[in-house]
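Chain residues, written in single-letter form:
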Amino acid sequence: MDPIRYHIEHKYDGTWLGMREGSHCPSLRAATLQEAERRTLEIAQRWEATVIVHLRNGTTREHAPGNPIATPALQQHVRIGTE
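Before going into details, it helps to say that this report is about the structure given with it.

1. A look at the overall build of the protein chain
Then comes step 1: A tally of helices and strands in the protein chain yields two helices and five strands.
Then comes step 2: Element order for the protein chain, N to C, with α for helix and β for strand: β-β-β-α-β-β-α.
Then comes step 3: As displayed, the protein chain has an accessible area near 5,300 Å², and 51% of this comes from carbon and sulfur atoms.

2. Structural notes on the side chain of His7
Then comes step 1: Here His7 is to be found in strand S1 (residues 5-10).
Then comes step 2: Setting aside chain neighbours within four positions, we find His7 in contact with Leu17, Gly18, Met19, Glu21, Ile52 and His54.

3. Quick look at the sheet that holds strand S3 (residues 28-30)
Then comes step 1: Pairing in this open sheet of five strands is mixed, and the strands run S3-S2-S1-S4-S5 from one edge to the other. Each end of this open sheet is capped by a strand with a single partner; those strands are S3 and strand S5 (60-63). Averaged over all pairs of adjacent strands, the angle between their axes in this sheet comes to 20 degrees, without regard to strand direction.
Then comes step 2: Across four bridges, the pairing between strand S4 (residues 50-54) and S5 is antiparallel.

4. Quick word on the pairing of strand S2 (residues 16-20)
Then comes step 1: Both S1 and S2 contribute to a ladder of five bridges, which runs antiparallel. Bridge pairing links Glu9 to Leu17 in S2.
Then comes step 2: In this structure, the hairpin formed by S1 and S2 is closed by a connection of five residues, where Gly14 is found at a positive phi of approximately 95 degrees.
Then comes step 3: Note: S2 against S3, three bridges, orientation antiparallel. The residue of S3 that forms the bridge with Leu17 is Arg29.

5. Structural notes on the packing of aromatic side chains
Remark: the centre distance and the inter-plane angle together describe each pair of aromatic rings, the angle taken between the planes.
Then comes step 1: Applying the stated criterion to the full structure yields zero aromatic pairs.
Then comes step 2: Directly above the ring of Trp47 sits Arg20, whose terminal nitrogen or CZ lies 5.1 Å from the centroid.

6. Quick look at the pattern of salt bridges
Then comes step 1: Throughout the structure, instances matching the rule amount to six salt bridges.
Then comes step 2: We note a salt bridge from Arg5 to Glu21, for which the minimum N-O separation is 3.0 Å. Of this pair, Arg5 sits in strand S1 while Glu21 sits in the loop between S2 and S3, and the two are 16 residues apart along the sequence.
Then comes step 3: Residue Arg5 is classed as partly exposed on the basis of its relative accessible area of 30%.
Then comes step 4: With a relative accessible area of 40%, Glu21 lands in the partly exposed category.
Then comes step 5: Across the pair Arg38 and Glu42 runs a salt bridge, and its minimum N-O distance is 3.2 Å. With a gap of four residues between them, Arg38 and Glu42 both fall in helix H1 (residues 33-47), about one helical turn apart.

Thresholds, definitions, all that
Residues numbered from 1 in each chain as written. Predicted model: local features only at pLDDT ≥ 70, side-chain atom pairs only at ≥ 80, totals over all residues. Heavy atoms only, no water. Helix = DSSP H or I, 4+ residues; strand = E, 2+ residues; numbered from the N terminus. Areas by Shrake-Rupley, 256 points an atom, 1.4 Å probe, with all protein chains shown as cover. Contact = heavy atoms within 4.5 Å. Pairing = 2+ DSSP bridges. Axes fitted to C-alpha atoms, helices over the stretch in contact; angles between N-to-C directions. Phe/Tyr/Trp six-rings, centres within 6.5 Å; stacked < 30°, edge-to-face > 60°. Lys NZ or Arg CZ within 6 Å of the ring centre and 35° of its normal. Salt bridge = Lys/Arg side-chain N within 4 Å of Asp/Glu carboxyl O. Buried < 20%, exposed > 50% of the residue type's maximum accessible area, 1.4 Å probe, protein only.

Have a look at this one:
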């Protein structure tokens, strides 16, 4: 079975979408990246899925299943509130 992945992307209207890979409909829409990450990670944990965050600067970061919230990148991101 293929691994399950969720992607978080910034949209032109300023919102962030969390979407399961291969889906045509977003799982969630959030006003901030922090909110989108938190909510998408909650969903992903239920499915043991990977979360890939596509930042506005063109880079990505990945949260592996199991313990995604404990990654230093997310802790630093949430603490300083930047992208």
